[in-house]
Amino acid sequence: MNNVMTRLRCDHAPAWAALREHFESIGSKLDLRDAFRRDEGRFQAFSQAAPHVFADLSKNLIDNQSQALLMELARECGLERHRDALFAGEAVNNTEQRAVKHWLLRAPPGDGGDPDLALVHSTLDAMLAYAEQVRGDGAITDIVNIGIGGSDLGPQMAVAALESFAAEGKRFHFVSNIDGHELAAVLRRVRPGSTLFLVASKTFTTIETMTNARSARAWFEAEGGRDIARHFAALTTNVAAAREFGIATTFGFWDWVGGRYSVWSAIGLPVAIAIGAAGFRELLAGAHEMDRHFATTPLETNLPVRLGLLDVWYRNFHGFTSRNIAPYHSALRRLPAYLQQLEMESNGKRVDAQGRAVAFATSPVLWGEPGTNGQHAYFQMLHQGTDVVPVEFVAVRKPAHLLPGHHDLLLANAMAQAQALMQGKADDGGHRNFPGNRPSSFFLLDALTPASLGALLAMHEHRVFVSGSLWGINSFDQWGVELGKVLALDVAARLGSGDAAGLDGSTAGLLRHIRG
Ligand code: F6P
């Protein structure tokens, strides 16, 4: 039996009980303002430099004792062994009996002994050569990525994040939804002769993607498009299905890359077209640096470990139900959606790896919008609402624009929000009172570059691994998305026939209303 099945679930570890006791006696009463007054070294002790990312965790509701107990918990639960099993290519995705090796996609040639590395690099070289060819092809002005979930969110987020590194003269469109309005709106803006469609689907069976791909091909032909081979490419592990669909240009990847971990694979082609082969290699290199940090740094100074443990502390002891992502960089506008899939599809599980119901909470809800916009929308609730929501600020020291004044004001706002959440403001206890003591983390990058983005994303992947590991769940399957897919096929047939037999009252009622 591999260690996936034998590792100790966090709630069975002695440190779990010690943490509960610590939380009840001291941890729950921690006041950040006092903590800073008492300890001049708090910023130092609770901030952490990692490759390309500096994290100030000092405004979180932790003290030395909770941190030490969380480390103990991680050790008792075999986190290090589990992490090593991940990097050794063991089948840590035990419900599908698959290895989990997205990290291998960013390993340099010749690094370690994994037998798949040579294949990774030959595929990467081919994909990047193709990306360069498209970049140099002045006749192609529009790239339309058709994919959903991990086959959309990663490339969409990264293309936006790295827009200041992107080639001139190429427009990128992302079509994910089965809602025809989305594809129709894109097709109105492009012409067949100047468009490259990328059909991105790990399985090449996802109904949204297949429906959109068929409609795009039908539009292409109806509009007089010629040469499907030049205007369609597929990014998939199911190369045979892509060929059957009529797409000859395919870039493959492997079943050991989960959809939400696939931006580093052929699914990243739109990113490579946008920023070029060298830029894409920098993205991989930045992520690889974070992989090394996670794989080799002692737990106490390991940023993804500290974050994952903080997530456990907040979810299981403080009982916080959500986490807010506040990127203070408009190019990171899709980061919250990307992280939402990463965290919630990975750790939104109610049974452990052995299929037993867990007796504690798992994934929080992730949500967010770029700052400063969020300040004028939902920050009211963060400051004065009844729920405490840990906030994660993401900011860069150096902007990619030259407009005077803006960046200092942006950074000042991010810092001031974090400060206000913590400091609060005493008033009459009424409408103008800010309770304060509300936690936040502050992630600072030197600049938003391919390398720093790679490191930031890898940091989040590994922190999700850490909390999932302690919770004893399998972070790499997603059985919870299956039921709705099956029922949608049944309902689709009924929308055609009007047959409501055996349906629940609400679905039958809706069916009748929709059919009119
Ligand atoms: O339905 C969920 C899911 O399987 C995600 O995990 C995945 O990223 C998405 O669908 C798209 O899947 P595919 O790349 O196979 O089309």
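Computed from a prediction, not measured in an experiment: that's the story for all the values here.

Undergrad: Could you give an account of the packing of aromatic side chains, naming the residues involved and the relevant values?
TA: The description of an aromatic ring pair rests on the distance of the ring centres and on the angle between the ring planes. In this structure the tally under the stated criterion is 22 aromatic pairs. Over the ring of Phe46 we find Arg42; its NZ or CZ atom is 4.7 Å from the centre of that ring. For Arg217, the ring lying beneath its charged end belongs to Phe245, and the centroid distance is 4.2 Å.

Undergrad: Can you break down the nonpolar core residue by residue, with the values?
TA: With 120 residues, the main nonpolar core has Leu73, Leu335, Leu453 and Leu470 as its most contacted residues. Split by domain, this core shows at least three residues from each of two domains, domain 1 (3-90 + 297-477) and domain 2 (103-276). Ranked by size, the runner-up nonpolar core spans 21 residues in total, among them Leu187, Phe197, Met210 and Ala242.

Undergrad: Describe in detail the pairing of strand β10 (residues 391-398), supporting the description with residues and values.
TA: Of all 8 residues in β10, 6 are buried, a share of seventy percent or more. Relative to β10, strand β8 (residues 322-327) runs parallel, the two sharing 4 bridges. Its bridge partner lying in β10, Ile325 is registered against Glu392. The pairing of β10 with strand β11 (residues 440-447) spans 7 bridges and is parallel. Across the sheet, the residue bridging to Phe393 is Phe442, located in β11. Where the polypeptide runs from β10 across helix α17 (residues 406-423) and back to β11, its parallel neighbour, the crossover connection is right-handed.

Undergrad: Can you tell me about the site of the ligand, naming the residues and giving the values?
TA: Close to the ligand lie 14 residues, the nearest being Ser151, Ser201, Lys202, Thr203 and Thr206. In the environment of the ligand, an oxygen atom lies 2.6 Å from a nitrogen or oxygen atom belonging to the side chain of Ser151. Within the side chain of Thr206, an N or O atom sits 2.5 Å from an oxygen atom of the ligand. Look at the ligand: alone it shows 400 Å² of surface, and the protein chains cover 88% of it. Partitioned by chemical class, the residues of the shell around the ligand number 2 nonpolar, 9 polar and 3 charged.

Undergrad: Run through the pattern of salt bridges, naming residues and quoting values.
TA: According to the stated counting rule, one finds 32 salt bridges in the structure shown. As a salt-bridge pair, Arg9 and Asp352 come within 2.9 Å of each other at their nearest N and O atoms. Of the two residues, Arg9 sits in the loop between α1 (3-6) and α2 (14-25) while Asp352 sits in the loop between α15 (335-347) and β9 (365-368), which places them 343 residues apart along the sequence. Each member of the pair, Arg9 as well as Asp352, carries the same accessibility label: buried. Across the salt bridge formed by Arg171 and Asp142, the nearest N and O atoms sit 2.9 Å from each other.

Undergrad: Which residues make up the domain arrangement of the protein, and what values go with them?
TA: Many structure descriptions define interface size as the accessible area lost when the parts assemble. When the domains of the protein are assigned, the result is domain 1 (3-90 + 297-477), domain 2 (103-276) and domain 3 (480-515). Look at where the C-alpha atoms of domain 1 and domain 2 centre, and you get two points 32 Å apart. Listed by partner, the interface residues are 29 residues for domain 1 and 20 residues for domain 2. Overall, the association of domain 1 and domain 2 removes approximately 2,100 Å² of surface from exposure, summing both partners, and the carbon and sulfur fraction of that is 64%. Considering only the side of domain 1, the residues that lose the most area to domain 2 are Arg334, Tyr338 and Gln341, jointly responsible for 26% of the buried surface there.

Undergrad: Lay out the sheet that holds β9 with the relevant residues and their values.
TA: The strand order across the open sheet formed by 6 strands is β1-β2-β11-β10-β8-β9, and the pairing between neighbours is mixed. The sheet is open, and its two edges are formed by β1 (47-50) and β9, each paired on a single side. Neighbouring strand axes in the sheet, compared pairwise and without regard to direction, differ in orientation by 20 degrees on average. Packed onto the sheet, helix α14 (residues 303-318) meets β1, β2 (53-56), β8 and β11 and runs at close to 140 degrees relative to β1. On top of the sheet, α17 reaches β10 and β11; it is set at about 150 degrees to β10, its chief contact.

Conventions we followed
- Residues numbered from 1 in each chain as written.
- Predicted model: local features only at pLDDT ≥ 70, side-chain atom pairs only at ≥ 80, totals over all residues.
- Heavy atoms only, no water.
- Phe/Tyr/Trp six-rings, centres within 6.5 Å; stacked < 30°, edge-to-face > 60°.
- Lys NZ or Arg CZ within 6 Å of the ring centre and 35° of its normal.
- Core = buried A, V, L, I, M, F, W, Y, C linked by side-chain atoms within 4.5 Å.
- Buried < 20%, exposed > 50% of the residue type's maximum accessible area, 1.4 Å probe, protein only.
- Domains from an automatic or database assignment.
- Helix = DSSP H or I, 4+ residues; strand = E, 2+ residues; numbered from the N terminus.
- Pairing = 2+ DSSP bridges.
- Right-handed = clockwise from strand over helix to strand, strands pointing away.
- Near = heavy atom within 4 Å.
- Polar contact = N/O pair within 3.5 Å; in protein donor to acceptor, adjacent residues only side chain to side chain.
- Areas by Shrake-Rupley, 256 points an atom, 1.4 Å probe, with all protein chains shown as cover.
- Nonpolar A, V, L, I, M, F, W, Y, C, P; charged D, E, K, R; others polar.
- Salt bridge = Lys/Arg side-chain N within 4 Å of Asp/Glu carboxyl O.
- Contact = heavy atoms within 4.5 Å.
- Buried area = accessible area lost by both parts, 1.4 Å probe.
- Axes fitted to C-alpha atoms, helices over the stretch in contact; angles between N-to-C directions.

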